[in-house]
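Listed here are the chains, written in short residue letters.
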Amino acid sequence: MRGLRLGAACAVISAAAVFATTGWWPWRRMPTPVAAPVAARPVAPAAIEILDTLRRGETVSELFARHGVVDLDLSGLDPALSLDPRRLRSGLVFSFRATAPDTLPARISVRTTPEQRVVFHRAPDGWSAVVEPIAWSAEPVRIEGAIDNSLYEALDAQVPDDQLDGADRQRLAWDLADVYAWQVDFTRDIQPGDRFQVVFERLVSEDGEVRFGRVLASDLTMSGKSLTAFRFEGDGRPAFYDAEGNSLRRAFLRAPVQFRRISSTFARARFHPVLGITRRHEGTDYAASPGTPVMAAGDGVVLRAGRAGGYGNLVELRHRNGITTRYGHLRGFARGIRAGARVGQGQTIGYVGSTGLASGPHLHYEFRLNGVAKDARRVDLGNGAPIREGVRADFRQERDRLLELLRPARRNTTDEDAPRSIAQQPAETPARWLP
Ligand SMILES: [Zn+2]
């Protein structure tokens, strides 16, 4: 009992010290790692634990030497430990534990990834190392709200900091945008009054850390139209389906710019249509910083890739059913993009620029059917492929489970699987883990 309590106290002190030292979790990148060793703290009558951070430009051997450890050679370790000393980055936090009266550490541990910790033990004949997996448990969380400006802001407003940090809230927004990449152009389509409901997994480690897992189900109501999505792994590959089991995937993406790369503006403001709308404008313009990757909207073959008058650097793709797409004002082309080359949906074909008649960096995108320009965002892309017959029953079962999480009004409130509504339970995270 006493040992347990000491262990818990030790864990709390360690966690507090990690926060005190780094201000962040060990595996995150930090702009300026705090390198000073913290003062030794007694964690038990007989044990001393010291946390220290790998400094920029420092080798692990130098860090070890600072604690009197000169006989531990990482380069001789089993590669399965994935602790290549040349690839360890600054900011990693090492824990050194010594047992009094011995002042030399007998145990050193480091979190190398969110999923594992490498632990070294000192024995009379040298050091041994083991990998300890970190267990994460997933809990479903449901949020909903109005999208007034951007998806990120809407999610940001619904998820408190102590539930998911800012970076994870952005991941949630990006992942949700990816779910609807064939239905919604989030840089433009959002209207006041649009709403979202999302059930996602929040992962909690045995050490109490929290991070975003994955989107499980969602519902977007955009311009009065409801778009529901359910995550399902039918053949080992996860994908999203509507309630009838039709894939959300379509032959064309709604927006051929990498959303994640334009997110600095996405995060705080809506995306503004560009600039110099010309008399005979036949496409959609996406303002984005120069160099932002441009993706093939669908599978196809490159018709041309080169200079083309006012388009500047232009890629034109030919797709099935008389459809062609054009991508203009590119700064340059992706490797291998030349006439005759095959491209797949989502493949990078070039980079945003301002070549040709462009008053600023943007992508000019055209969707043409039999040579006639169409509004790419309004083109009917048909129905998604239905889920394979053999897994249809499994899908329905999973859909019904997710639907209960997504629509709490329908659910039995005593259900163990009921998602936690974080708006209603703001204090569920143990405060001891929070910086
Ligand atoms: Zn344009």
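Residues numbered from 1 in each chain as written. Predicted model: local features only at pLDDT ≥ 70, side-chain atom pairs only at ≥ 80, totals over all residues. Heavy atoms only, no water.

Engineer: How should the overall build of the chain be read in this particular structure?
Structural biologist: Across its full length, the chain holds six helices and 22 strands. Put simply, the chain has 435 residues, and 49% of those count as buried. Counting only contacts in the chain whose residues sit at least 6 apart along the sequence, the fraction spanning at least 24 positions is 63%. (Helix = DSSP H or I, 4+ residues; strand = E, 2+ residues; numbered from the N terminus. Buried < 20%, exposed > 50% of the residue type's maximum accessible area, 1.4 Å probe, protein only. Contact = heavy atoms within 4.5 Å.)

Engineer: Would you mind showing me how to read the pattern of salt bridges here?
Structural biologist: Charged atoms that come close allow side chains of opposite charge to pair. Taken as a whole and judged by the stated rule, the model has 22 salt bridges. The residue Arg-66 makes a salt bridge to Glu-58 at a minimum N-O spacing of 2.4 Å. Its salt-bridge partner being Asp-168, residue Arg-171 comes within 3.9 Å of it at the nearest N-O pair. Highlighted residues: Arg-171 and Asp-168, both in helix H4 (residues 166-179), separated by three residues, approximately one helical turn. The exposure class assigned to Asp-168 is buried, which follows from its relative accessible area of 3%. What you see here is one network of salt bridges that share partners, running through Arg-304, Glu-316, Arg-326, Glu-366 and Arg-368. (Salt bridge = Lys/Arg side-chain N within 4 Å of Asp/Glu carboxyl O.)

Engineer: What is the right way to look at the packing of helix H3 (residues 151-158) against H4 in this model?
Structural biologist: Packed helix pairs are characterised by how far apart their axes lie and by the angle those axes make with each other. Here H3 crosses H4 at 130°, and the two axes come no closer than 9 Å. With respect to each other, H3 and H4 are oriented oblique. Between H3 and H4 lies a crossing of right-handed hand. Where H3 approaches H4, its residues Leu-151, Tyr-152, Leu-155 and Asp-156 are matched on the opposing element by Gly-166, Arg-169, Gln-170, Leu-172, Ala-173, Leu-176 and Ala-177. (Axes fitted to C-alpha atoms, helices over the stretch in contact; angles between N-to-C directions. Parallel < 35°, antiparallel > 145°, perpendicular 65-115°, else oblique. Left-handed = near helix turned anticlockwise from the far one by under 90°.)

Engineer: Can you help me understand the confidence of the model for the chain in this one?
Structural biologist: One rule of thumb: low pLDDT means the predicted coordinates there are not for detailed reading. Averaged over every residue, the pLDDT of the chain is 79; the share at 70 or more is 76%. When the criterion is pLDDT under 50, residues 15-36 qualifies, and its contacts beyond four places in sequence or with other chains add up to 53 contacts. Within the model, pLDDT remains below 50 along residues 263-280, and this stretch shows 39 contacts once partners closer than five positions in the same chain are excluded. (pLDDT = per-residue confidence, 0-100.)

Engineer: Just checking my understanding: could you explain the pairing of strand S14 (residues 300-307) for this structure?
Structural biologist: Side-chain direction in a regular strand flips from residue to residue, so the side chains alternate between the two faces of the sheet. As judged from the two bridges shared by S14 and strand S18 (residues 342-343), these two strands associate in the antiparallel manner. When the sheet's bridge partners are listed, Val-301 is paired in S18 with Arg-342. As defined by bridge partners, S14 adjoins strand S15 (residues 313-318) across six bridges and the pair is classed as antiparallel. If you follow Ala-305 over to S15, its bridge partner there is Val-315. The antiparallel pairing of S14 with S15 creates a hairpin that spans five residues between the two strands, and Gly-309 there sits at a positive phi of about 55°. (Pairing = 2+ DSSP bridges.)

Engineer: Would you mind showing me how to read the sheet that holds strand S17 (residues 332-333) here?
Structural biologist: In any sheet, the strands associate via hydrogen bonds between backbone groups, in a parallel or an antiparallel arrangement. Ordered by their spatial adjacency, three strands build an open sheet running S13-S19-S17, and the pairing between neighbours is antiparallel. Each edge of the sheet is formed by a strand with only one pairing partner; in this case those strands are strand S13 (293-295) and S17. As defined by bridge partners, S13 adjoins strand S19 (residues 348-351) across three bridges and the pair is classed as antiparallel. Directly across from Val-294, in S19, lies its bridge partner Gly-350.

Engineer: What is the right way to look at unusual backbone geometry in this model?
Structural biologist: A negative phi angle characterises most non-glycine residues, just as the trans form characterises most peptide bonds. Of note, the phi angle at Ser-223 is positive, near 50°, even though the residue is not glycine. Looking at the element boundaries, Ser-223 is found in the loop between strand S9 (210-222) and strand S10 (225-233). Taking the relative accessible area as the measure of exposure, Ser-223 reaches 59% and is therefore exposed.

Engineer: How should I be thinking about the environment of His-121 in this particular structure?
Structural biologist: Along the chain, His-121 turns up in strand S5 (residues 116-123). The partly exposed category is assigned to His-121, whose relative accessible area is 33%. With 14 residues separating them along the chain, His-121 and Arg-107 place their C-alpha atoms 4.7 Å apart. Those residues in contact with His-121 that lie beyond four places of it in its chain are Ala-106, Arg-107, Gly-126, Trp-127 and Ser-128.

Engineer: Just to check I follow, could you spell out the packing of aromatic side chains for this structure?
Structural biologist: Aromatic ring pairs are reported here in terms of the distance separating the ring centres and the angle at which the planes meet. Scanning the entire structure with this criterion turns up nine aromatic pairs. On the numbers, 6.3 Å between centres and 70° between planes, the contact of Phe-232 with Tyr-241 is edge-to-face. Each member of the pair, Phe-232 as well as Tyr-241, carries the same accessibility label: buried. Considering the side-chain rings of Phe-252 and Phe-367, the 5.0 Å spacing of their centres and the 80° angle between planes classify their relative orientation as edge-to-face. Here Phe-252 is found in the loop between strand S11 (238-241) and helix H5 (263-268), whereas its partner Phe-367 is found in strand S20 (residues 362-369), with 115 residues between them in sequence. By the burial criterion, Phe-252 is buried, and Phe-367 matches it. Members of the aromatic cluster, each reached through a chain of ring pairs, are Phe-64, Phe-94, Phe-96 and Phe-120. Above the ring of Trp-136, the side-chain terminus of Arg-211 is found at 4.2 Å from the ring centroid. (Phe/Tyr/Trp six-rings, centres within 6.5 Å; stacked < 30°, edge-to-face > 60°. Lys NZ or Arg CZ within 6 Å of the ring centre and 35° of its normal.)

Engineer: Honestly, the nonpolar core in this entry has me stumped. Any pointers?
Structural biologist: Buried together is how nonpolar side chains tend to be arranged in soluble globular proteins. Ile-143, Leu-155, Leu-172, Tyr-180, Val-198 and Leu-220 are the most contacted members of the largest nonpolar core, which has 30 residues in total. Where this core is concerned, the elements lending two or more residues are strand S7 (136-147), H3, H4, strand S8 (194-205), S9 and S10. Not counting chain neighbours up to four residues away, the residues in contact with Leu-172 comprise Ile-143, Leu-155, Leu-164, Val-198, Phe-200, Phe-212 and Val-215. Membership of the second largest hydrophobic core comes to 26 residues, among which are Ala-255, Tyr-286, Ala-297 and Val-315. (Core = buried A, V, L, I, M, F, W, Y, C linked by side-chain atoms within 4.5 Å.)

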